[in-house]
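Examining the three-dimensional arrangement
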Amino acid sequence: MPDGENKLRRSTTEDDITAAVLARFAATPDPRLKQIMLGLIKHLHEFVQEVELTETEWFQAIEILTEAGKMCSDKRQEFILFSDTLGVSMVVDLIGHRKPEGATESTVFGPFHRLGSPEMPPGGNIAHRDTAGIPTLVSGRVLDLDGKPIAGAVLDVWQTQSNGLYDSQDASVDGLHMRGKFTTDAEGRYLIRTVRPVNYPIPSDGPVGAMLKATGRHPWRPAHIHFVVMADGYEAVTTHIFDRTDEYLESDAVFAVKESLICDFTRHETPTPQAAKLGVTGPVLTADFDFVLKPAGAVAQANVLDAQRRLAALGAR
Ligand SMILES: [Fe+2]
């Protein structure tokens, strides 16, 4: 048998295709890109072989990815939702943010952050248009690993309204709502007025929702408030605080709950002095949470908000 014929026949087996593709990427100049591409090909081919993916299923995957891309805008990120619900976001988070003892743990960024939230004074009300929710004061300090206050730290905060929807999901809301940036005072203190966070289902009108339905999973997330806490000279932390009483703490649709981020929201039937000063007249909830930042490393970490700027610009096109 001539040599050429033999080679051609051998290259038609599944394993030979994998080897040929790996060889084709072997000359990638950037060593990190090479590592990622070779790992991706190896696992992707193994996966396809293991489940014996059919052509119909392959087309279905292309449809799902196409649909996910089409759903993305400056207000909606279906791929982040996929990553979150597949648990990939949390694996990336755990690898990338191994914190020293005492530093606030991070969790998923999620798809609902929006740029341009307003700067607010201490006690500023991010829920100024939400009349149905229970007024809630979240306060605490931003500290370093030695417990010293960090003045001038910025807390970028976002949350759903009491109807369980983010502003970007609620057609009746024009512009930004339930979002604000707070700066710590000389003692590292912050004070946020909001409404009680509620549990909510992640959007289920797209391919992620279809996946959850088809796999018998629920879409609920336990009640939480999102934060990115930043200060000069420290590593920013992207995190949430969760309501300790929530029924979905054990089964968060995006696997984001960490024990250290669970917080008590204490109900007071009459306003606390601080709440009264801010004009709250009825029952109020208070939550106290200190954020602890670790010093910035020698190598600057990618800023989550810069990545968000690029994503939003892509979505807005
Ligand atoms: Fe959320």
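Residues numbered from 1 in each chain as written. Predicted model: local features only at pLDDT ≥ 70, side-chain atom pairs only at ≥ 80, totals over all residues. Heavy atoms only, no water.

Turning to the overall build of the protein chain, a few remarks are in order. Regarding its fold elements, the protein chain presents nine helices and 13 strands. Along the longest, intermediate and shortest principal axes, the C-alpha atoms of the protein chain span 90 × 45 × 35 Å. In the protein chain, buried positions account for 41% of the 317 residues. Excluding contacts between residues fewer than 6 apart, the proportion of contacts in the protein chain whose partners are at least 24 apart in sequence is 72%. Accessible area of the protein chain: about 17,500 Å², with a carbon and sulfur share of 56%. Looking at the protein chain, you have 32 positive and 43 negative side-chain charges, and the mean spots of the two groups are 4 Å apart. (Helix = DSSP H or I, 4+ residues; strand = E, 2+ residues; numbered from the N terminus. Buried < 20%, exposed > 50% of the residue type's maximum accessible area, 1.4 Å probe, protein only. Contact = heavy atoms within 4.5 Å. Areas by Shrake-Rupley, 256 points an atom, 1.4 Å probe, with all protein chains shown as cover. Lys, Arg positive; Asp, Glu negative; His and termini not counted. Charge placed at Lys NZ, Arg CZ, Asp CG, Glu CD.)

On to the coordination of the iron ion, then. Distances from the iron ion to its protein donors, Tyr166 (OH), Tyr200 (OH), His224 (NE2) and His226 (NE2), fall within 1.9 to 2.1 Å. Taken together, the four donor atoms coordinating the iron ion and their angles of 89 to 161° define a geometry best described as irregular. For the iron ion, the single-chain donor residues occur in sequence as Y-x33-Y-x23-H-x1-H. Taken as a pair, tyrosine 200 in strand 6 (residues 200-201) and histidine 226 in strand 8 (residues 224-230) lie far apart in primary sequence, 26 residues in all. Histidine 226 matches tyrosine 200 in its accessibility class, with the two residues each being buried. (Donors = N, O, S within 2.8 Å, 3.2 Å for Na, K, Ca; no water. Tetrahedral: all angles 85-135°; square planar, octahedral: opposite > 155°, others 65-115°.)

Position of asparagine 125 relative to the elements: it lies in the loop between strand 1 (119-120) and strand 2 (135-143). Contacts of asparagine 125, omitting those with residues within four sequence positions, involve Met120, Arg193 and Thr194. Within polar-contact distance, the side chain of asparagine 125 engages the backbone nitrogen of alanine 127 at 2.9 Å. (Polar contact = N/O pair within 3.5 Å; in protein donor to acceptor, adjacent residues only side chain to side chain.)

This next bit is on the nonpolar core. Counting residues in each nonpolar core, the largest one holds 32 residues, and the members touching the most others are Val138, Val142, Leu155, Phe227, Ile241 and Phe291. Broken down by secondary-structure element, the contributors of at least two residues to this core are strand 2, strand 3 (154-158), strand 5 (189-195), strand 8, strand 9 (237-243), strand 10 (262-263) and strand 12 (284-288). Not counting residues within four places of it along the chain, the set of residues in contact with phenylalanine 227 comprises Val138, Leu155, Asp156, Val157, Trp158, Ile192, Val237, Thr238, Thr239, Ile241 and Phe291. Ranked by size, the runner-up nonpolar core spans 15 residues in total, among them Leu81, Tyr166, Val208 and Leu212. (Core = buried A, V, L, I, M, F, W, Y, C linked by side-chain atoms within 4.5 Å.)

Turning to the packing of aromatic side chains, a few remarks are in order. Using the criterion set out here, one finds eight aromatic pairs in the structure. Both rings, one in phenylalanine 109 and one in tryptophan 158, keep their centres 5.7 Å apart while their planes meet at 70°; by these two values the pair is edge-to-face. Remark: tryptophan 158 occurs in strand 3 and phenylalanine 109 occurs in the loop between helix 6 (88-96) and strand 1; sequence separation between them is 49 residues. For phenylalanine 109, a relative accessible area of 13% puts it in the buried group. By relative accessible area, tryptophan 158 is classed as buried at 1%. (Phe/Tyr/Trp six-rings, centres within 6.5 Å; stacked < 30°, edge-to-face > 60°.)

What follows is about empty space enclosed by the protein. Summed over the entire model, instances satisfying the criterion amount to two cavities of 30 Å³ or more. Empty space within the largest cavity amounts to approximately 80 Å³. What lines the largest cavity is a set of 14 residues, and nearest its centre among them are Asp74, Gln77, Pro111, His113 and Gln308. Partitioning the lining of the largest cavity into residue classes produces six nonpolar, five polar and three charged. One number sums up the size of the second largest cavity: a volume of about 50 Å³. Along its surface, the second largest cavity is lined by Leu81, Asp84, Gly110, Pro111, Phe112, Tyr200, Ile202, Arg221, His226 and Val254. (1 Å grid on protein atoms, 1.4 Å probe; cavity = no way out; pocket = protein on both sides within 12 Å on 5 of 7 lines; lining within 4 Å. Points joined across faces, edges and corners; volume = space filled by probe spheres on them. Nonpolar A, V, L, I, M, F, W, Y, C, P; charged D, E, K, R; others polar.)

By themselves, these are just geometric observations and shouldn't be taken as functional.
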